[in-house]
Amino acid sequence: MTAHAPLATLTAYQCVGCQTITQRSPMVCARCLGRQFSTVEVTATGRLASWTTVRKPPLRFKNEGSYHVGVVDLDNGMRISGRLLHDSADPTGERVVAVTPSDTAPDIPVFKVT
Amino acid sequence: MMRQVFVAGTGSTRFGKHPQTPIEALAVDAGAQALVQSGIARDRIGAVYLGNFISGPLNGKEVLAGLVAEQLGLSGIPCTKVEGACASGGIAFRHACLMVATGVCDAVLVVGVETMTHASTTDMTTALNCAMDNEYDGMSGLTFPGLFGLAWRSHARQYGTTREDIAAVVIKNKAHGLKNPLAQMGADLSLDQVCASAMIADPLQLFDCCPPSDGAAAVVVCAKDMLGDAQHQALIRVMASAQTSGSARVSQHPDLCTFEATVAAAQQAYQQSGLKPSNIDLVELHDCFSIAEIIDSEDLGLVPRGEGGRWAAQGRTGMQGDIVINPSGGLLAKGHPVGATGVGQIVEVVLQLRGEHSNPVKDASIGMTHNLGGTGVACTVHILGREA
């Protein structure tokens, strides 16, 4: 797998009963209490709502030192948080795209500024 | 018909470093002060509510409510530990008020307690992250300083709030802390000192963050007919008690510059009390980080939306301002022993309304407290008033 290559889509979960889309597979749908979900591909592009650099990480990420975390508004309306790759002074409001996550942390969404 | 609820007694340890004192001993210290001051016999105390967040992961101790009650000679009554992250103390106070208001109990002891300073920064950050949805935001490595770093950037972008505006909150609250003997770290800080402190979660710097703290606070609430033996003549009534919830996921907050739980709790509190924001003389609000005070003051309706930073910079939230915010020093200076904070805010407001505070708000008769947990997942707002 190429490290941090742009993705065309992200996989999300859609309630069969009410079509609500969530980032991760829930036990029940918070909107209709349905229990059946299908996977759905959503756009991997969006805009960076805000970001920070975590310099005092919790134990689980202690070995990483510091890292950027961003909140992204995807073009389909979903808002998700994830890691952020950037080297500009302040990318707030810029376009971002999801990229392939790290092999060691495949569940953490990673975005980079386009 | 709900009964009126009064605060009959208060107690508190100093917030700060008590690494050699067991957590339950701090709680017993504050609880005994409140019981004695209330003048209410212990056999009239109908229940104990204890606010605490992380005694399990940081102290290896649970069942704190029963443990503390036993050491206070309160046996056989319902003893309940309440957890709502940083709002644990406020929630404990609210439940005690409800027990009295509904007539289930005539008097209830509320205690809030936490010890944190014995833990390493990594262990503490990990424990505090229990207040996050770790299947979502926690997975990305977000922390609470990080959350408020995100909020800061959003507020700056939407409203033009500057580093200097936000530093004004730090300088004000640290100065207030110097006048409060219960406070952990008051200081006379300059803008340059604030701006030179270490970066924690950009743009949040060290002085923008409340310190980890040990401490306990306690109050006794009761029905009016129990007040006869109270040592204080000033009657302090709970005029409103509101509790709300919001999303535990930052990604479910459509606007990072507001906590919906605070807005809703404030609206409920104003409705319950029949008061308006302009009636509030002082507020002890949840300034876990400097930017939080700005957001909270706007969410509570005390400052116009987007103006929190400028009001702080202009001195309009200081001791002589339009609304006095955190005369205790707030979490930034008084400290934030998580489970104790919400109860400590009640103690601070009661002292102000009795005219007994060391940093007094002139002619204060109505005070508000605001206690916020996690990413706004839990919130309480209380309004207290001095009865004529």
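Note: the structure precedes this text.
Residues numbered from 1 in each chain as written. Chains lettered and ligands numbered in written order. Predicted model: local features only at pLDDT ≥ 70, side-chain atom pairs only at ≥ 80, totals over all residues.

Observations concerning the interface of chain A and chain B
- In this assembly, 27 residues from chain A lie in contact with 27 residues from chain B.
- Looking at the side of chain A that touches chain B, the elements that each hand over two or more residues are strand S4 (45-54), strand S5 (67-74) and strand S6 (79-85) of chain A.
- Ranked by the residues each element gives to the side of chain A that touches chain B, the list is headed by S4(A), at six residues.
- Looking at side-chain class alone, the side of chain A that touches chain B contains 13 nonpolar, seven polar and seven charged residues. (Contact = placed C-beta atoms within 7 Å. Helix = DSSP H or I, 4+ residues; strand = E, 2+ residues; numbered from the N terminus. Nonpolar A, V, L, I, M, F, W, Y, C, P; charged D, E, K, R; others polar.)

What to know about helix H3 (residues 64-71) of chain B
- Along H3(B), the residues classified as buried are Leu64(B), Ala65(B), Leu67(B), Val68(B) and Ala69(B).
- Looking at the buried side of H3(B), the elements it contacts are helix H1 (23-38), strand S2 (47-51), helix H2 (55-59), strand S3 (79-82) and strand S4 (107-114) of chain B. (Buried ≥ 20, exposed ≤ 12 C-beta atoms within 10 Å, placed from the backbone.)

A few points about the pairing of S4(A)
All names here are of chain A.
- With eight of ten residues buried, S4 lies mostly within the body of the structure.
- In terms of strand pairing, S4 meets strand S7 (residues 95-99) through three bridges, oriented antiparallel. For glycine 46, the partnering residue across the bridge sits in S7 and is valine 96. (Pairing = 2+ DSSP bridges.)

Quick notes on the nonpolar core
Residue and element names in this part refer to chain B.
- With 157 residues, the main nonpolar core has Val108, Val110, Val111 and Val221 as its most contacted residues.
- Per-element accounting of this core gives the leading share, nine residues, to helix H13 (residues 338-354).
- Setting aside its immediate chain neighbours within four residues, valine 108 contacts Ile45, Gly46, Ala47, Tyr49, Ala96, Met99, Val100 and Val221. (Core = buried A, V, L, I, M, F, W, Y, C linked by C-beta atoms within 7 Å.)

Quick word on the sheet that holds strand S10 (residues 324-325) of chain B
All names here are of chain B.
- The ten strands lie next to each other as S3-S2-S4-S7-S1-S8-S12-S11-S9-S10, forming an open sheet whose pairing is mixed. In this open sheet, the two edge strands, each paired with only one partner strand, are S3 and S10.
- Pairing between strand S9 (residues 282-284) and strand S11 (residues 366-373): three bridges, direction parallel. Note on S11: the bridge partner recorded for leucine 282 is glycine 367.
- Against the sheet, helix H9 (residues 260-273) makes contact with strand S8 (235-245), S11 and strand S12 (378-387), and its axis sits at roughly 145° relative to S8, the strand it touches most. (Axes fitted to C-alpha atoms, helices over the stretch in contact; angles between N-to-C directions.)

Any link to function would need more than the numbers given here.
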